[in-house]
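Listed below, chain by chain, are the residues.
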Amino acid sequence: MFRKRLLKKVLQQRRGGGNGGGPGGGGGGAGEVAQLDAQIALHYGVPYAASVMGFDPVQRLLAVGTLDGRIKIFGGDNIEGLLISPKSVPYKYLQFIQNQGLLVAVSNENEIQVWNLEFRQLFHFSQWDVNITAFAVIEETFFMYLGDENGLLSVLKYDVDDGKLLKMPYNVTIHSLSEAAGVSLLDTQPIVGILPQPDTLGTRVLIAFERGLLVLWDITEDRAIAVRGYGDLHIKSQVSGAQTDASEHQIDNVDETEEEREICSLCWASRGGSTVAVGYITGDILLWDMTVSSRQGKQTDVSSNVVKLQLASGSRRLPVIVLHWSAGSAKDTTKGGHLFVYGGDDMGSEEVLTVLSLESSNGLESVRCASRGDLRLDGSFADMILIPDTGVPDKIRASALFVLTNPGQLNFYDGSALFSGRKSEEVYAQPEARKFPVAVPTIDPNITVTDLYSLTGTGHPSISLKKFCARQSVAPPISGNMKWPLTGGVPSEMSLKEDHAVERIYVAGYQDGSVRIWDATFPILVPMFVLDAKVSDIILDGANASVSSLAFCSLNLTFAVGTASGLVRMYKLHEHTGDSSFHFVSESKQEVHAVHHGRGFHCHVAFMASNSPVRSLRFAGSGEVLAVGYQNGQVAMFDASQLSMMFCVDCASGTNSPVVSLSIYGVVSSAAEVDQSQKETAKSGKFSTDVLLSLTKDARLTVIDSTSGLVINSHLLDQKQLSAVSMYVIDVASDEEQTQSSGDKSPSQSQTGKEQKDLDQKQAQGAETNQKKASQHSHSGDSNSLLLVCFEDEALLFYLASLIQGSNKHLHKIKLAKHCCWSAIFKNKDDKACGLILAYQTGIIELRSLPDLEILAESSLMHLLRWSYKTGMDKSMSSSNGQIAMVNGSEFSIISLIASENDFRIPESLPCLHDKVLAAAAEAAISISTDQKRKQNPAGVLGGIIKGLKGKADENANLRRSFNAQTHIELLESIFLKESSAEASIPSPDDPIEELTIDDIDIDDDVPLSPPPASSSTSHVNKKTTVEDEREKLFEGSSVADKPRMRSTQEILTKYKFGGDAAAAAAHAKDKLMQRQEKLERISQRTQELQDGAENFASLAQELAKNMENKKWWKL
């Protein structure tokens, strides 16, 4: 009963300090804590379930889709972003709408999603009715081709203004395509591949059907240009790419008829799209010639269309799952290129990615395999992607290769090393694979412990950290001459300010004994420095042991690093070069060594009190005294200022239970059981005692005098508990403090008194700041302080003064429904604990109020990050006032829990994933390049398309002129807005072409309608009379019946259009001439204006591109 009344009193004091006006008011501080709004503030690393990749060659961004509905975006300068789909469904297609900041993703449930990278949001999603089996975005447009399981080719367009996907009327069914191609299909077949042909601006597309049919389709002519796969499988030659035959590289002539087979993969294998490489389920690779030479029915040698490429000689081979092509040197077109193949080897062989160097001097007949290289994989293959040299679309030579393997491993190869293999009779050496550089290493080396510290209010020390951070490079550590190909994204404006001070740091300890520190002020981690485990010229036992515990004092910027060998190293974060001394302190000896330091921060003292691993570290006061808890239950106290060990005691009572938590608490003498005179002295503030609280895993709490090392009390908090997690000292405001706080808020003060109070507060601001910071490491409490102890399945609240006096009865106890593995305290603006954060083994994160421990809100790792809890994850979890940093495999993330806590939620602090300045410059450069191509080669692609349109004068005259006036995007849209009308046959280029002249075009004149034909039901007599009447009207009295009188155009117009009025006909002709002249003048003027504008814009774009060639825009 007494405990209940005492808890009720504490709660009333806790809630009565303010009428909801402060963060701690209203329900134990719940007024602010209750606004739980967990968000991902930061995410680094390759997701565990990564499965597919996409790349934007202009913005230089890499996208990685996963099996759990996430998309990871990688840019430059540690810029990364994580997009999470509402559904946890795998992605099968992932492509950028180039240079537009848009990413299109297709899930296994056939949901098409459009993500906006600038806002990091899902702008649109659309559910497709049938299974999508092929997908391709047309470069430089918002159009995309889509193939389904029924053999239907559809066209989609993303409308930027409405933010929606539109299905265009244009589509090609498999039946209309088979009729146009002259191929008989017994049933429907899925489309398994769609490849827009290079240099055709999306007007020609290669369609691959599952059972081997290849059709090159022209959308402007609505017909099949070339058909391969049926009747052409008479292989003329076979190129051997097997390892056993790689030394011969000869072409064996064969004459075999291959049966129909399923297509698994395909890619273009030439610069202009004249050759396509197709991988089959049988393990074969066929190189098809897709050039249009003659009508298919007139071909005399169809075998010249295909060459067979075989990687292995066995009868059972793996299907060819992936094919990619990289062009060779642009200077020597005979060098061909490099074909990347996954599959095709014998069953049971080692899983590799094969690189074939193919050369051809005269078409497919001269193809030879110059060399073969096998790239070994770290895990099972997931995907690969080739990164082009530049963002210009016609540059197809790769500068880097990214290979994705399971689980979540991303390796890359330098293109110069990959393609520099010896063109000899031997297989060239395998290039070296490099790990994808990560901002926060978690696996190599393995991360063991982390912590997140706030530096706000420290003043001058943060400036020294800022200066040191400014000298660090954020570029990934790439060896050799390779330039990192991922440079996309724009850092936040706030992080680029020169007056930026370091307000938060993230610290990670590793298995190799090193410690790395990042600037975590903004949601982009900037590496600051690395604390090496070694000391110059000194050999320390256990120096390279893994880091097991960390502690940081923000007052004097001192780091303490505990290791698994029991060694404790201390660092001062003040840069020092030159000669200095290093001290080693243990129970038995003290050594001093003279060392020479280079630039950076170095260890100046090391303590060794036990060979047991360090489990807990805690600074006291100003950071000169350090408490250390060990795995065997011992607790030691070190004085860094005196370079001595104060004491070492056993707190486990012989059980060797590890120390899980330490806390230093300053109590008045009444809690230490002193006499009444000492109590009065203590009340005056002249005497106090610091005690060290030690909690072991078996729930034993030990109270130790922090000066002498004497054990004041030691007892079990709960006889049934063997799994303590943590403990926290909670300061509760006394009645006197609450009365003073209430008086401060009273509005009855005079204006003069208020101003005097403000002045006093400003004068005392420095002293108050230092006092608050000192209280972070040692609590200065009173009779109302509480002790919160968290176990795996319960939480206990104790009256701290009673515990120190020897009583272990708790004030409050709650049962936890799930097993707790980690906890943290959330503090308000007054540095008072107001919330408890609990993490469970189920992945649930729970927020509870203090001190009543009521549940306020909860979230989950699965909902936020699609993570499942793994054993040991709690060791790498850390918190700093509502922000939780955690590690899961190769992934690192910081979660912002509280809605009012907005350090990581300010939009200006987030890096942008889309560079608008780069996008504008790239569009200008592409426009200039396109204009130059049109001027240099007017009879190129567009000329060929126009030639194909000849013969349809009335229907296509306007379309012919549109090629010169419209952009290719407008042209494609005009085509896709019409339904397809596939032709039944493939026309031959040898067919006569009807030429158009200027006289064939009518301007403005109305075309007279012809009279309706005579009815077929008229009698013979009436028909004869009608014919005679018509002849009489037509000849108009001509003497020669079979030769009508010739009349001029003017006579015809005068009689039929103007009723015989010659003056009206003349005026009409004059008006027509004047109108035509005005139109020609307007066209000429408009043409000149467009030409002048284009020249000005081209000059500006060239200058901008030149200035930005090697610089980021914010560095100009």
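In what follows, the accompanying structure is described. The structure displayed is predicted, hence computed values, not measured ones. (Residues numbered from 1 in each chain as written. Predicted model: local features only at pLDDT ≥ 70, side-chain atom pairs only at ≥ 80, totals over all residues. Heavy atoms only, no water.)

## Remarks on the overall build of the chain
Right, so step 1: A tally of regular secondary structure across the chain gives 18 helices and 61 strands.
Right, so step 2: Once local pairs closer than 6 in sequence are excluded, the contacts in the chain between residues at least 24 apart make up 58%.
Right, so step 3: As presented, the chain carries roughly 52900 Å² of accessible surface, and 50% of it is formed by carbon and sulfur atoms. (Helix = DSSP H or I, 4+ residues; strand = E, 2+ residues; numbered from the N terminus. Contact = heavy atoms within 4.5 Å. Areas by Shrake-Rupley, 256 points an atom, 1.4 Å probe, with all protein chains shown as cover.)

## Focus on unusual backbone geometry
Right, so step 1: Here the amide bond leading from Asn406 into Pro407 is cis, since omega sits at 0°, within 30 degrees of zero.
Right, so step 2: Of note, Pro407 is situated in the loop between strand 29 (398-406) and strand 30 (409-414).
Right, so step 3: Across the junction of Asp444 and Pro445, the peptide omega takes the value 0°, indicating a cis bond.
Right, so step 4: Counting through the fold element by element, Pro445 comes out in the loop between strand 31 (434-435) and strand 32 (447-454).
Right, so step 5: Positioned with a positive phi, Asn99 is a non-glycine residue whose angle comes to about 65°.
Right, so step 6: As for its placement among the helices and strands, Asn99 is situated in the loop between strand 6 (91-97) and strand 7 (102-107).

## Concerning the side chain of Ser492
Right, so step 1: Structurally, Ser492 is set in the loop between helix 5 (460-470) and strand 33 (504-510).
Right, so step 2: Residues within four places of Ser492 in sequence aside, it is in contact with Glu908, Ser909, Leu910 and Pro911.

## What to know about helix 15 (residues 968-976)
Helical geometry: 3.6 residues make up each α-helical turn, so side chains three or four residues apart lie on a common side.
Right, so step 1: Every buried residue belonging to helix 15 is among His968, Leu971, Leu972, Ile975 and Phe976, and all of these are buried. Mapping the buried residues of helix 15 onto a view down its axis gives an arc of 125°, with all of them on the same face. (Buried < 20%, exposed > 50% of the residue type's maximum accessible area, 1.4 Å probe, protein only. Arc of directions from axis to C-beta.)

## Considerations on the side chain of Asn99
Right, so step 1: Under the relative-accessibility criterion, Asn99 is labelled buried at 5%.
Right, so step 2: Among the polar contacts made by the side chain of Asn99, one reaches the side chain of Gln59 at a distance of 3.0 Å.
Right, so step 3: For Asn99, the contacting residues outside a window of four places in its chain are Asp56, Val58, Gln59, His914, Leu918, Ala919, Ala922 and Glu923. (Polar contact = N/O pair within 3.5 Å; in protein donor to acceptor, adjacent residues only side chain to side chain.)

## Description of the sheet that holds strand 1 (residues 36-44)
Right, so step 1: If you trace the four strands from one edge of the open sheet to the other, you get 1-61-60-59, paired in antiparallel fashion. Only two strands of the sheet have a single partner each, and these edge strands are strand 1 and strand 59 (878-879).
Right, so step 2: Note that strand 60 (residues 883-888) and strand 61 (residues 891-898) share six bridges and pair antiparallel. Following the sheet pairing, Met886 is matched in strand 61 by Ser893. (Pairing = 2+ DSSP bridges.)

## Some thoughts on helix 3 (residues 174-181)
Right, so step 1: Of the residues making up helix 3, those classed as buried are Ile174, Leu177, Ser178, Ala180 and Ala181. Along helix 3, the residues classed as buried sweep out an arc of 165° about the axis, all on the same side.
Right, so step 2: Contacts made by the buried residues of helix 3 are with strand 13 (164-172), strand 15 (204-209), strand 16 (214-218) and strand 17 (223-228).
Right, so step 3: Following helix 3 by one or two positions, Gly182 has its phi on the positive side, about 75°.

## Some thoughts on the environment of Lys809
Right, so step 1: Its place among the elements puts Lys809 in the loop between helix 10 (800-805) and strand 54 (810-815).
Right, so step 2: Lys809 sits in the exposed class, given a relative accessible area of 57%.
Right, so step 3: Between the C-alpha atom of Lys809 and that of Leu717, which follows or precedes it by 92 residues, the distance is 7.9 Å.

## Digging into the environment of Asn784
Right, so step 1: Here Asn784 is to be found in the loop between strand 51 (778-780) and strand 52 (786-791).
Right, so step 2: Expressed as a C-alpha distance, the spacing of Asn784 and Tyr799, which sit 15 residues apart in the sequence, is 7.4 Å.

## Notes on the sheet that holds strand 56 (residues 833-840)
Sheet strands pair by backbone hydrogen bonding; their relative direction is either parallel or antiparallel.
Right, so step 1: Read across the sheet, four strands follow the order 55-56-57-58 without closing on themselves; strand pairing throughout is antiparallel. Edge positions in the open sheet fall to strand 55 (820-827) and strand 58 (855-860), since each of these has one partner strand only. Mean inter-strand twist for the sheet, computed between neighbouring axes without regard to direction, equals 20°.
Right, so step 2: For strand 56 and strand 57 (residues 844-849), the ladder comprises five bridges, and the chain directions are antiparallel. Within strand 57, the residue paired with Gly835 across the bridge is Ser849. (Axes fitted to C-alpha atoms, helices over the stretch in contact; angles between N-to-C directions.)

## Overview of the pairing of strand 30
Right, so step 1: In terms of residue burial, strand 30 counts as a mostly covered element, since five of its six residues are buried.
Right, so step 2: Pairing of strand 29 with strand 30 involves six bridges; the strand directions are antiparallel. When the sheet's bridge partners are listed, Phe402 is paired in strand 30 with Phe412.
Right, so step 3: Here strand 30 pairs with strand 31 via two bridges, running antiparallel.

## Comments concerning the pairing of strand 16
Right, so step 1: Of all five residues that make up strand 16, five are buried, and the element is covered over most of its length.
Right, so step 2: Covered by surrounding structure in strand 16 are Leu214, Leu216 and Asp218 together with Val215 and Trp217, the residues of both alternating faces.
Right, so step 3: As paired elements, strand 15 and strand 16 share five bridges and run antiparallel to each other. Its bridge partner lying in strand 16, Leu206 is registered against Leu216.
Right, so step 4: Between the antiparallel neighbours strand 15 and strand 16 lie four residues, among them Gly212 with a positive phi of about 110°.
Right, so step 5: The sheet contact formed by strand 16 and strand 17 spans five bridges and is antiparallel. The partner of Asp218 across the bridge, within strand 17, is Arg223.

## Quick look at the environment of Met645
Right, so step 1: Of note, Met645 is situated in strand 45 (residues 644-650).
Right, so step 2: For the pair Met645 and Met608, spaced 37 residues apart in sequence, the C-alpha separation works out to 8.9 Å.
Right, so step 3: When sequence neighbours within four positions are dropped, the list of residues in contact with Met645 reads Val585, Glu587, Ala609, Met637 and Phe638.

## Description of the state of the cysteines
Two cysteines form a disulfide when their sulfur atoms are joined by a covalent bond.
Right, so step 1: Tallied over the entire structure, the rule returns zero disulfides.
Right, so step 2: Summary of cysteine pairing: Cys820 is not part of a disulfide, and the nearest cysteine sulfur, belonging to Cys790, is at 5.9 Å.
Right, so step 3: Note on Cys820: relative accessible area 0%, which makes it buried. (Disulfide = S-S within 2.5 Å.)

## Some remarks on the packing of aromatic side chains
Right, so step 1: If you walk through the whole model with that rule in mind, you get 19 aromatic pairs.
Right, so step 2: When the ring of Tyr170 is compared with that of Phe976, the centres are 5.6 Å apart and the planes differ by 55°; the resulting orientation is tilted. In this pair, Tyr170 sits in strand 13 while Phe976 sits in helix 15, placing the two residues 806 residues apart along the sequence. This pair shows no difference in class: Tyr170 is buried, exactly as Phe976 is.
Right, so step 3: Plain terms: the ring middles of Phe552 and Phe559 are 4.7 Å apart, the flat faces sit at 35° to each other, and that makes the pair tilted. (Phe/Tyr/Trp six-rings, centres within 6.5 Å; stacked < 30°, edge-to-face > 60°.)

## Looking at the pattern of salt bridges
Right, so step 1: This model, assessed by the stated rule, comprises 22 salt bridges.
Right, so step 2: Here Asp68 ties to Arg70 by a salt bridge, and the two come within 3.2 Å at their closest N and O atoms.
Right, so step 3: Assessed through its relative accessible area of 13%, Asp68 is described here as buried.
Right, so step 4: A residue is classified by how much of its surface remains accessible, and Arg70, at 1% relative accessible area, is buried.
Right, so step 5: The salt bridge involving Arg368 is made with Glu359; its shortest N-O contact spans 3.1 Å.
Right, so step 6: When its relative accessible area of 32% is taken as the criterion, Arg368 is described as partly exposed.
Right, so step 7: For Glu359, a relative accessible area of 23% puts it in the partly exposed group.
Right, so step 8: Three or more residues joined by partner-sharing salt bridges are found here, namely Arg261, Asp284, Lys308 and Arg317. (Salt bridge = Lys/Arg side-chain N within 4 Å of Asp/Glu carboxyl O.)

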